[in-house]
Amino acid sequence: MDDAKEGHHDVHDVHEDEEKGEDDLPASDEQPKGTADGTSGAGGGVTVTPAVVNEHEDNPPTQRGVTFVPGPDFRGGIHTGYHSPHESGDDDDNDADVENQNQNLIEAYAVDDNEQAEIIDELQLKLGSAKQELEAARSQLAAPAIEGIPVDDKIGPSNNKSNRNLLMIGFILFLGMIGVAVGLSISFSKRSDTDEISVAVDAADAEAVAPVLPPVLEALQERKVLRCGIYDRRGFSFPNDETNEREGFEVDLCKAVAAAALGSNFSYELVPTTGANRFVKHANGEFDVLISGTTHTFDRDVHESSSGMGFSFSTPYLYGGMTYNGVPEFVKCADELSAVGDCAGILICSILGTTWYDTTKELFPSSNIVLTKDQGESIQNLIDGKCNVIQGEQYEAPEVVVRGFGYEGPYGQGKTSFTKDPLAMVTRDGDPEFAALVEWVLQTLLLAEKENITMMTADTFAESVEFFGKDMFQNALAAVGNYGEMYTRHLAPISPRLEINEINDGETTGLMYSHPLGKVDTVGPGPINGGVIERILQRGFLRCGIPGATQDATSDKIKRVELDMEFCRALSASLLQRTPDNVSFQRYSDDDVYLALENGDIDVYAGGAVDVGSDFLLPGLSFSNPYFYEGGKAFALVTREADEQWTDFVYWVTMATIYAEENGITQNTSNEMPLVNLFGTGLERLMRDAILAVGNYDEMYKRVFGQNATRVGLNKLNASPFGPQHYPLPF
């Protein structure tokens, strides 16, 4: 599959009075600006950058019957031996290879501006490959003896000299690539006439030069075009075989947001990304919203390493997990985490910059991993015999998709899911109004399916709140239809809809489901000066608002408020050295909560109802993941959006209680919770101390409602085999 050309962006406009249906895109990479002809589910105004990189970050859902296996977050790496397909060759040949590769990199200077992004992407891939070769060489020098596992007899003293040469060459190549990367970054930055930033060699550089960007909705008033970061995958964003116009589930999400923000005469642009560069490009303002199969993780929320900043995530639009797929005999090896004996020849194609790669490198030796930049390259490598296993999930690597690329060999899909991947739309931190718009567009699509409102009956959807045009949600629904219509149109031909991606009716299964943690050992900034966390640490106690007492309060409501208070105790323990009782509880009526938070009278409000009115009509509030459902309402912790660090802290302490229950971690085993450096090393025990103080979600629930209390409905844990997880929040 051809790589993306990131130089041109076509803008196509949608007009309300035009016939529904998508326009054809010119086949040439050099595309003039044009006008689209429609706004139907597959239509709409679209700006499409010609060849969007065929790259999927993470993974939508796994197939039916797949068993979920906890990933490295909570099981650690499982290394099952070492096998290298590489043999060290003649020293002179190796020196020549190094010289040739360095010369190729040096020639990257002689390119025009339109090729810069493509070169940097290629350079990142080569840097990753160089690291791999270096790790493999180190492993050969001191191949570890693993109990019960034979060491390959080719790896021994007689090969030490050639292995040391390989290590030296790899090290020189690695340093050379770093030098060229720095040179390219400086050169490209000097040549830029805009505020765009180059792909940074490290996160600190990216963070230092990140531009200050206006709020998206403000920028859209002038630009009139929504820009979506996206890349090609069949069913999500892929050229139509007949029209060559990109269409798919994620393209429809882009259209829906554009219609809500800009009205029925909307325009949108598809900006190509890769797994390695998407967050830097997002931080740089190259697009407004990232819709590219991106997993919501703790580290990306707080301090994503490549960009040096945090991001805001919508409710997930698709749930799934990674499996290993490919040649059946080696798929079986991957499921069994074996790389020795008959499995010594396993070669897994893994996409750089993804949670798939993060998981695979913890489970297999680097010599058994072949780095790629996108799924298209992985499948091509499978065809060419460069690897025998590819990563994927039900939508990413089903047999029908792989055969469509021309693969003719035997093919099987793994039965074990090694990751948990809630895929969400991503916006930049510091733009709460646009983040709220994106969130409630998704809620519109889900609620419309629940209420059987379709594209053709969009005008019957509840009148939108006065925020950015009262018909914005109706416009979104009219542009693409409801969630079910989108799924049927784009994903059903690839794979049946998993139960976890169905609409929860409120009675079948629970919604208590934690999101993966990611790279929580990444060291982020400590408490910001003057922020809520710093003030609490200086003050020595947490100020928590709770619902006020009323004469008609039922016993159930009183109990729920006790659960609210438990979460405040968890926050106190996370911040104040395991002391859950350093909390000042203050009661407020619903009408007074907003001002109490705005004035700083309280740090957090426990028990706030999540709905569209609270998000739009009371700007400046942020809600944690709901932790209790009752009477059609969802209750959460509420903070001020202005302090994103505190908002993230509260969100993930809440999530920690569910994570602990999922993984069987209790008060007595709280030290099994991971250490977290995302808020600086001083708060590394935040998850451990929260669970030590209040226990996991089930322990909290039983302490409040009684040891014999039975959790029912949405307050139950949603664990494997997963039930429906989509639950539209109240409007």
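Residues numbered from 1 in each chain as written. Predicted model: local features only at pLDDT ≥ 70, side-chain atom pairs only at ≥ 80, totals over all residues. Heavy atoms only, no water.

Trainee: Give me the overall build of the chain: which residues, what numbers.
Mentor: The helix and strand inventory of the chain stands at 23 helices and 23 strands. Within the span of the chain, comprising 731 residues, buried residues form 57% of the whole. Sequence separation of at least 24 residues holds for 75% of the intrachain contacts in the chain that already meet a minimum separation of 6. Total accessible area on the chain stands at roughly 28600 Å², and carbon and sulfur atoms take up 48% of it. (Helix = DSSP H or I, 4+ residues; strand = E, 2+ residues; numbered from the N terminus. Buried < 20%, exposed > 50% of the residue type's maximum accessible area, 1.4 Å probe, protein only. Contact = heavy atoms within 4.5 Å. Areas by Shrake-Rupley, 256 points an atom, 1.4 Å probe, with all protein chains shown as cover.)

Trainee: Account for the sheet that holds strand β14 (residues 389-392), with residues named and values stated.
Mentor: Whether parallel or antiparallel, the strands of a sheet pair through hydrogen bonds between backbone atoms. Pairing is mixed in the open sheet, where five strands are placed in the order β13-β12-β14-β11-β15. Looking at strand neighbours, the two that pair on one side only are β13 (369-372) and β15 (412-413), the edges of this open sheet. When strand β11 (residues 323-326) meets β14, the two strands line up antiparallel, connected through four bridges. What sits directly across from N325, in β14, is I390. Contacting β11, β12 (348-351), β13 and β14, helix α11 (residues 355-363) crosses the sheet at an angle of about 140 degrees to β12. Strands β12, β13 and β14 of the sheet are contacted by helix α12 (residues 375-384), whose axis makes an angle of about 155 degrees with β14. (Pairing = 2+ DSSP bridges. Axes fitted to C-alpha atoms, helices over the stretch in contact; angles between N-to-C directions.)

Trainee: Go over the packing of aromatic side chains, please, and point to the residues and values.
Mentor: Tallied over the full model, the rule gives 19 aromatic pairs. When the ring of Y629 is compared with that of Y727, the centres are 5.6 Å apart and the planes differ by 85 degrees; the resulting orientation is edge-to-face. Residue Y629 is located in strand β22 (residues 628-630), and its partner Y727 is located in the segment after α23 (697-705); the two are separated by 98 residues in the primary sequence. A single burial state applies to Y629 and to Y727, both of which are buried. Pairing W646 with F649 gives two aromatic rings, centres 5.8 Å apart and planes at 20 degrees, and the pair type is stacked. Note that W646 and F649 are positioned in helix α21 (residues 644-662) at a spacing of three residues, about one turn of the helix. Here W646 and F649 have matching classes, each one buried. (Phe/Tyr/Trp six-rings, centres within 6.5 Å; stacked < 30°, edge-to-face > 60°.)

Trainee: Lay out the pattern of salt bridges with the relevant residues and their values.
Mentor: Per the counting criterion, the structure on display carries 24 salt bridges. A salt bridge links E286 to K281; the nearest nitrogen and oxygen atoms lie 3.8 Å apart. A relative accessible area of 5% places K281 in the buried class. Taking the shortest distance from any N to any O, the salt bridge between R539 and D603 comes out at 2.8 Å. Of this pair, R539 sits in helix α17 (residues 532-539) while D603 sits in the loop between α19 (590-598) and β20 (604-609), and the two are 64 residues apart along the sequence. On the basis of relative accessible area, R539 is assigned to the partly exposed category, the value being 23%. (Salt bridge = Lys/Arg side-chain N within 4 Å of Asp/Glu carboxyl O.)

Trainee: Break down the pairing of strand β23 (residues 633-640) for me, citing the residues and quoting the values.
Mentor: With respect to burial, β23 is a largely interior element, six of its eight residues being buried. Here four bridges tie β20 to β23, and the two strands are oriented antiparallel to one another. Looking across to β23, one finds that G608 is bridged to A636. One ladder, built from three bridges, connects strand β21 (residues 621-623) with β23; its direction is antiparallel. Each bridged residue has a counterpart across the sheet, and for F623 the counterpart in β23 is V638. In this sheet, β23 lies alongside β22 in antiparallel orientation, the contact comprising three bridges. Residue pairing in the sheet places Y629 in a bridge with A634 of β23.

Trainee: Break down the environment of A636 for me, citing the residues and quoting the values.
Mentor: Take A636: it is sitting in strand β23. Taking the C-alpha atoms as reference points, A636 and A606, 30 residues apart in sequence, are found 6.4 Å from one another. The residues contacting A636, other than those within four sequence positions of it, are Y605, A606, G607, G608, V610, F623, S624, N625, P626 and Y627.

Trainee: So, the confidence of the model for the chain: which residues are in play, and what are the values?
Mentor: For the chain, mean pLDDT is 77; residues scoring 70 or higher make up 69% of the total. The low-confidence segment residues 1-10, where pLDDT is below 50, has 42 contacts with residues more than four positions distant or belonging to other chains. Contacts of residues 17-115 to residues separated by more than four positions or lying in other chains number 343 contacts, the stretch itself having pLDDT below 50. (pLDDT = per-residue confidence, 0-100.)

Trainee: So, the packing of α17 against α21: which residues are in play, and what are the values?
Mentor: Relative to each other, α17 and α21 sit at 75 degrees, their axes nearing to 7 Å. Taken as axis vectors, α17 and α21 run roughly perpendicular relative to one another. Of the residues in α21, those touching α17 at V532, I533 and I536 are Q645, W646 and F649. Classifying every residue of the contact of α17 with α21 by side-chain character gives five nonpolar, one polar and no charged. (Parallel < 35°, antiparallel > 145°, perpendicular 65-115°, else oblique. Nonpolar A, V, L, I, M, F, W, Y, C, P; charged D, E, K, R; others polar.)

Trainee: Report on helix α6 (residues 216-223), specifying residues and quantitative values.
Mentor: Since the α-helix turns once every 3.6 residues, residues separated by three or four places project in the same direction. Buried within α6 are the following residues: V216, L217, A219 and L220. Buried residues of α6, viewed axially, fall in a sector of 155 degrees; they line one side. The exposed residues of α6 that point more than 90 degrees off its buried face are E218 and E222. Those residues of α6 hidden inside the fold are in contact with β4 (226-230), α7 (249-262), β17 (421-428) and α14 (432-450). Once α6 ends, the next one or two residues include K224, with phi positive near 65 degrees. (Arc of directions from axis to C-beta.)

Trainee: Pulling in residues and values, what's your account of the nonpolar core?
Mentor: Formed by 128 residues in total, the largest nonpolar core has its most connected members in F298, W646 and F649. The biggest single contributor to this core is α21, with eleven residues. If we ignore the near neighbours within four places in the chain, the residues touching W646 are V532, I533, I536, L542, L571, L575, D603, V604 and T639. One finds V327, F330, L337 and I351 within the second-largest nonpolar core, a separate group that totals 30 residues. (Core = buried A, V, L, I, M, F, W, Y, C linked by side-chain atoms within 4.5 Å.)

Trainee: Help me get a handle on the packing of helix α18 (residues 555-575) against helix α22 (residues 686-694), residues and values and all.
Mentor: Helix-helix packing is characterised by the crossing angle of the two axes and by the distance between the axes. As a packed pair, α18 and α22 sit with axes 8 Å apart at the nearest point and diverge in direction by 135 degrees. Looking at the two axes, α18 sits oblique to α22. In this structure, the crossing between α18 and α22 has a hand that is right-handed. Contacts between α18 and α22 involve E566, R569, A570, A573 and S574 on the former and, on the latter, L686, D689, A690, A693 and V694. (Left-handed = near helix turned anticlockwise from the far one by under 90°.)

Trainee: Break down the environment of R300 for me, with residues and values.
Mentor: Along the chain, R300 falls in helix α9 (residues 298-302). Exposure remark for R300: the relative accessible area of 5% places this residue in the buried category. In the structure, R300 is positioned 378 residues away from L678 in sequence and 9.8 Å away in space, judged by C-alpha atoms.

Trainee: Kindly report on the side chain of T295, identifying the contributing residues and their values.
Mentor: Looking at the secondary structure, you find T295 in strand β8 (residues 289-295). Side chain to side chain, T295 and D421 meet in a polar contact 2.8 Å long. (Polar contact = N/O pair within 3.5 Å; in protein donor to acceptor, adjacent residues only side chain to side chain.)

Trainee: How would you summarise the state of the cysteines if you had to cite specific residues and measurements?
Mentor: Here, the word disulfide means a covalent bond between the sulfur atoms of two cysteines. Taken as a whole, this structure holds four disulfides when the rule is applied. C228 shares a disulfide with C254; S-S distance 2.0 Å. Because the torsion about its S-S bond is 85 degrees, the bridge between C228 and C254 counts as right-handed. With C228 in strand β4 and C254 in helix α7, this residue pair connects regions lying 26 residues apart in the sequence. Each member of the pair C228 and C254 is classed as buried. Note on cysteine connectivity: C349 is disulfide-linked to C387, with sulfurs 2.3 Å apart. The sign of the S-S torsion, about -105 degrees, decides the handedness of the disulfide formed by C349 and C387: left-handed. (Disulfide = S-S within 2.5 Å.)

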